[in-house]
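Residue-level listing of the chains:
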Amino acid sequence: MWLRVLLPALVIIAWLVGGAIGGPYFGRVGEVSSNDQTTYLPSSSDATQVQKLLGEFRDSDEIPAVVVLSSGAALDETDIAAVSREVSRLPGIPGVGAGVSPGIPSKDGRAVQAFVPVQANADIGSVVDAIGASLRDAAPAGVSVHVTGPAGFTADLIEGFSGIDGILLGAALLAVFFILVCVYRSLLLPLAVLATSLFALCVALLSVWWLAKAGVLMLSGQTQGILFILVIGAATDYSLLYVSRYREELRVSTDKWAASMQAIKKSAEPIAASGGTVIAGLLCLLFSDLKSNSSLGPVASIGIVFAMLSALTLLPALLFVFGRNAFWPRRPKFEPEAVAAEHGVRSTGLWARLARLIRGRPRLIWTVTTAVLLLGVLGATQLNASGVPQSDLVLGASEARDGQKILGEHFPGGTGSPVLVVAPETQLQETANVLLAHDGIKSVSVVTADSPSGSAAVTTQGIQLAGPPGNGAPRPTVVGGDVLLQGTLGAAADTEAAAAVVRGIRTGLDGTVPQALVGGVTATAIDTNDASIHDRNLIIPVVLVVILLILMLLLRSVLAPVLLVLTTVLSFGTALGVAAFFFNNVFDFPGADPAVPLYGFIFLVALGIDYNIFLMTRVREESLRHGTGEGIIRGLVITGGVITSAGLVLAATFSALGVIPILFLVQIAFIVAFGVLLDTVVVRSLLVPALSYDIGRAIWWPSALSRKSKFRTDIDDGAMPDPHARHRG
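Residues numbered from 1 in each chain as written. Predicted model: local features only at pLDDT ≥ 70, side-chain atom pairs only at ≥ 80, totals over all residues. Heavy atoms only, no water.

Peer 1: Help me get a handle on the side chain of Thr236, residues and values and all.
Peer 2: By the element assignment, Thr236 lies in helix α8 (residues 221-250). Dropping the residues within four chain positions of it, Thr236 is found in contact with Val176, Leu180, Val193, Ser197 and Val649. (Helix = DSSP H or I, 4+ residues; strand = E, 2+ residues; numbered from the N terminus. Contact = heavy atoms within 4.5 Å.)

Peer 1: Residue-level account of a nonpolar patch on the surface, with values.
Peer 2: A cluster of nonpolar side chains, namely Ile13, Val17 and Ile21, defines an oily patch on the protein surface of about 260 Å² accessible area. Checked against the element boundaries, Val17 lands in helix α1 (residues 2-22). Judged by relative accessible area, Val17 falls into the partly exposed class, the value being 46%. (Patch = residues over 30% accessible without salt bridge, like charges linked within 9 Å, V, L, I, M, F, W, Y side chains within 5 Å. Areas by Shrake-Rupley, 256 points an atom, 1.4 Å probe, with all protein chains shown as cover. Salt bridge = Lys/Arg side-chain N within 4 Å of Asp/Glu carboxyl O. Buried < 20%, exposed > 50% of the residue type's maximum accessible area, 1.4 Å probe, protein only.)

Peer 1: Would you mind going over the packing of aromatic side chains in detail, with residue names and values included?
Peer 2: A complete count under the given rule lists 20 aromatic pairs for this structure. On the basis of an interplanar angle of 25 degrees and a centroid distance of 6.2 Å, the ring pair of Tyr246 and Phe327 is categorised as stacked. With Tyr246 in helix α8 and Phe327 in the loop between α10 (291-322) and α11 (336-342), this residue pair connects regions lying 81 residues apart in the sequence. Tyr246 sits in the buried class, given a relative accessible area of 0%. By relative accessible area, Phe327 is classed as buried at 2%. Ring geometry for Phe582 versus Phe670: centroids 5.3 Å apart, planes at 45 degrees, classification tilted. On the criterion of sequence distance, the pair formed by Phe582 in helix α18 (residues 559-585) and Phe670 in helix α21 (residues 663-695) is long-range, its members being 88 residues apart. (Phe/Tyr/Trp six-rings, centres within 6.5 Å; stacked < 30°, edge-to-face > 60°.)

Peer 1: Before we move on, could you go through the environment of Leu189 and cite the residues and values that matter?
Peer 2: On the secondary structure map, Leu189 appears in helix α7 (residues 188-213). Taking the C-alpha atoms as reference, Leu189 lies 5.9 Å from Phe327; in sequence the two are 138 residues apart. If we ignore the near neighbours within four places in the chain, the residues touching Leu189 are Tyr184, Val243, Leu319, Ala326 and Phe327.

Peer 1: Describe the pairing of strand β6 (residues 441-447), with residues and values.
Peer 2: Counting buried residues along β6, five of its seven residues qualify, which places the element largely inside the surrounding structure. As paired elements, β6 and strand β9 (residues 482-489) share five bridges and run antiparallel to each other. From the neighbouring strand, Ser445 faces β9, where its bridge partner is Gln486. Here β6 pairs with strand β7 (residues 455-459) via three bridges, running antiparallel. The residue of β7 that forms the bridge with Ser445 is Ala457. (Pairing = 2+ DSSP bridges.)

Peer 1: Account for helix α3 (residues 77-88), naming residues and giving values.
Peer 2: End to end, α3 covers 16 Å across 12 residues, agreeing with the expected 16 Å (1.5 Å per residue, within 8%). Buried positions along α3 lie against β1 (63-70), β3 (111-118) and α4 (124-138). Regarding α3, its N-cap is Asp76, as a side-chain oxygen of that residue lies 3.1 Å from the backbone nitrogen of Thr78 further along. (Expected span 1.5 Å × (residues − 1). Polar contact = N/O pair within 3.5 Å; in protein donor to acceptor, adjacent residues only side chain to side chain.)

Peer 1: Give a description of unusual backbone geometry that names residues and reports values.
Peer 2: Omega for the peptide link from Trp328 to Pro329 comes to 10 degrees, which places this bond in the cis form. In this fold, Pro329 is placed in the loop between α10 and α11. For Arg556, which is not a glycine, the phi torsion comes out positive at approximately 55 degrees. In the Ramachandran plot, Asp588 falls in the positive-phi region, its phi being about 55 degrees despite a non-glycine side chain. Inspection of the secondary structure assignment puts Asp588 in the loop between α18 and α19 (595-626). We classify Asp588 as exposed; its relative accessible area is 62%.

Peer 1: Tell me about the nonpolar core, and name the residues and values.
Peer 2: Soluble globular proteins tend to pack their nonpolar side chains together in the buried interior. Within the largest apolar cluster, 158 residues are counted, with the highest numbers of intra-cluster contacts made by Tyr238, Leu282, Ile304, Leu319, Tyr599, Phe603 and Phe654. It is α19 that contributes the most residues to this core, 18 residues altogether. Among all residues touching Leu319, those that are not within four sequence positions of it are Leu189, Ala192, Tyr242, Val243, Tyr246 and Ala326. If you look at the next biggest cluster of nonpolar residues, it comprises 31 residues, including Leu41, Val446, Val502 and Ala531. (Core = buried A, V, L, I, M, F, W, Y, C linked by side-chain atoms within 4.5 Å.)

Pasting the structure below:
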């Protein structure tokens, strides 16, 4: 008896301690995360290698900001002098480096630009805000100020991700709470389920934070947001499954300890199978070349582990303490006679009516459903997932995007984000000539240690000092026998035109200076997109094979898992097709990152299979006792409510990602939320049961369930069930 009191108490105390320790880490993720794209590229990529060498050439790892001051009319000498004077004072702002360039007027006389280095270890968002505020306070009347360039866009991303700890978490929890109240018409039970999810997230975050601190894992704002949503959604789904089993057991038992043990026993297998499938799918991301993808796998898997543990330990302990009162005011009654009369399945209600419809016309239902889904798949070809400009990563207002547009009107579009080329000193001129041969390159310079501007222009005639003449000829900075050249792009660094120039430069250097490395903002975007496309083409087939093998082991069948995977892939294709329509015609998005289909696939297939696992494990359980046809009907009716509730919860939690104004997260939110609803309402409720019912016992091929059993043939083959067949021998 003492065990029944001590064990739940210890479980609750352990989770309370974990939550108390992990809770404060919600505001500290920024200490161990990074949104710098180059840190997530393969170490072998050109852009990564160039980024590592920059600090040696420049004696710092500062991030450049480009300040552009513009006016509708030409600026006179007094205005330009005033602007230059204020720019020269920027190094007094904490976080601004010493190498601020003088103000550079545009040829049309209506704008001035300056390059401002921002220290990488500073609060970039705050520094960028301070730079803009300082210049606006002193700018002449009619002169607008924008801070753009790499530091400006980084500040935009930081601002976009700033709502993850508060807005995102609050929106997700509020949505889940509302759905749970509607489902259970209770207050205490939703709070217990939310506590289960929140404590799972606290402990998962605590574990991930310290692993990131130790350098074992890498975190970004994107990974953090997905971790939050995934843990809340998964923990709630697993909790719903347990609550359903617990309610069933309370109807046939007066002993809440016995009911708890039976509920844990019966829900552990589907929860473990579901969580294991999601983890297996996520860990396939370890094959990724992009560290942003490969790091998400273990981070999200840790979250799923704690989601399963909380649903199978904390929630049972809480519900044991509350007993039937957890369901107040709709406490489950002890009514074993009623349960026996129902044969475990209610004969009224939505799911009973749907079951009768499927039993009457299974072939018509699955063929029509499949045809409709295939129409949606056709739209997937319209999804433009070849990458988006850096300036479009943040939705809504963007000072950096506006500044880049103004910069392009008065200066070369790539100003502030040059092509960076590391080449042997002995081939400096040959390298410069390759860059200058492209119309998209407006000027070329080499980094020097002794010129006032820190660089000297390179033309086809040789090196020329940029700025006032120094003492003697400029000397390039040499690191390990290499020099660093900078090519100013005519187009904005994040455009297709700039990407075409960089790819052309790489091709030209391959034949002239094969040792040269090409980096910079544009090269980083190119390498990221290429790696992302490689990951997508490699990982999707791997995930399908892994999930298929897991389902075969779980269901002891070959045919059923193949059909389940095919239906889930069909659902994913339809979700992509619908998403493409809305992205192109409703939201007017500029495109999508190549990782969007990959992430959508990982989450939809792994999580969509969850609902099929919940359904088919119960169908198999019922088929062992009642035959396949009756088992399918019973499984659908018994699990219909809980799986639909779980799908609504997961769709709502992923929809919460849409409150973060980051294009990638908004697109993932739409694809996964719509796909989960499609999987829950159409695929799992209509397509899978109808197809399985039409196939009959052969669905379990080659296991023993696919062969004749002691039950009547009409029951096994999916015909109208005979409720007395079990008693006829």
